[in-house]
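Understanding the architecture of this molecule
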Amino acid sequence: MLSCELRRISGLKPTEIPTYIDKAAQNVVQYYVVNKLHIATAESCTGGMLASSITSVSGASEMFECGLVTYSERIKSELLGIPMNLITEYGVVSKEVALAMAKGVLLKSGADVGVGITGIAGPTGGTKEQPVGTIYVSVVTKGKEITENLALSEPEADVDVRLRNRLMAVLYSLETAVEILK
């Protein structure tokens, strides 16, 4: 379920969302540093934006293990250990693959929290079954997992849908990276 904050800002233009991301990233870094925790990310449709938002905060070196951009199916399989049959059976944009990405980066990095993001940012690539805005985010610890289809709706026609969807996925990931630990 999308957080109240994410629902509240879903109507914002892409140029307005970075302020919320900056604040959320600062909160994540501070929380992880204070609690001596580490995070690792595996991103597809966000292309490293989550890792970039975290590492833009001073002190991130104390809590950030790694950020992998695993865009292709082959790299998801080779670097994260996701079985190709899982990708074939469920599709690369699925809760199963997002979860496998998060678990794979958690295992490979030895971090306390792993994040996996896969989806259709748009504006092309959507289908009736999986429209633009179908973005799965999975956040896992060694004992807990949260996986969500953000199912972002189409914004106003004058909004850069791809940028907006990617930014919303980053913001949700940041919020969930702290929520899962509480």
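My aim in this report is to walk through the structure given alongside it, one point at a time.

Rules and cut-offs
Residues numbered from 1 in each chain as written. Predicted model: local features only at pLDDT ≥ 70, side-chain atom pairs only at ≥ 80, totals over all residues. Heavy atoms only, no water. Phe/Tyr/Trp six-rings, centres within 6.5 Å; stacked < 30°, edge-to-face > 60°. Buried < 20%, exposed > 50% of the residue type's maximum accessible area, 1.4 Å probe, protein only. Salt bridge = Lys/Arg side-chain N within 4 Å of Asp/Glu carboxyl O. Helix = DSSP H or I, 4+ residues; strand = E, 2+ residues; numbered from the N terminus. Core = buried A, V, L, I, M, F, W, Y, C linked by side-chain atoms within 4.5 Å. Contact = heavy atoms within 4.5 Å.

On to the packing of aromatic side chains, then. Following the criterion strictly, the structure yields one aromatic pair and no others. Each ring, one from Tyr31 and one from Tyr32, has its centre 6.3 Å from the other, and the planes form 65°; the classification is edge-to-face. The partly exposed category is assigned to Tyr31, whose relative accessible area is 22%. For Tyr32, a relative accessible area of 0% gives the class buried.

In this section: the pattern of salt bridges. Taken as a whole and judged by the stated rule, the model has two salt bridges. With a shortest N-O distance of 3.0 Å, Glu78 and Arg74 are connected by a salt bridge. With Glu78 and Arg74 both in helix α4 (residues 73-80), this residue pair falls four residues apart, about one helical turn. Across the pair Glu145 and Lys103 runs a salt bridge, and its minimum N-O distance is 3.4 Å. Here Glu145, found in strand β5 (residues 145-149), pairs with Lys103, found in helix α6 (residues 95-109); they are 42 residues apart in sequence, far enough to count as distant. Lys103 sits in the partly exposed class, given a relative accessible area of 41%.

In terms of nonpolar packing, the biggest core is built from 37 residues, with Tyr32, Ile39, Ile54, Met63, Val137 and Leu174 touching the most fellow members. Put simply, the parts of the chain that give this core at least two residues each are α2 (18-34), α3 (49-55), β3 (113-119), β4 (135-140) and α7 (161-179). Ranked by residue count, the leading element in this core is α7, at nine residues. With near-sequence residues (within four places) excluded, Ile39 lies in contact with Tyr32, Ile54, Met63, Phe64, Glu65, Cys66, Ala111, Val113, Val115 and Ala177. The next biggest cluster of nonpolar side chains, apart from the first, holds ten residues, and it includes Ala40, Ala42, Ile82 and Ile87.

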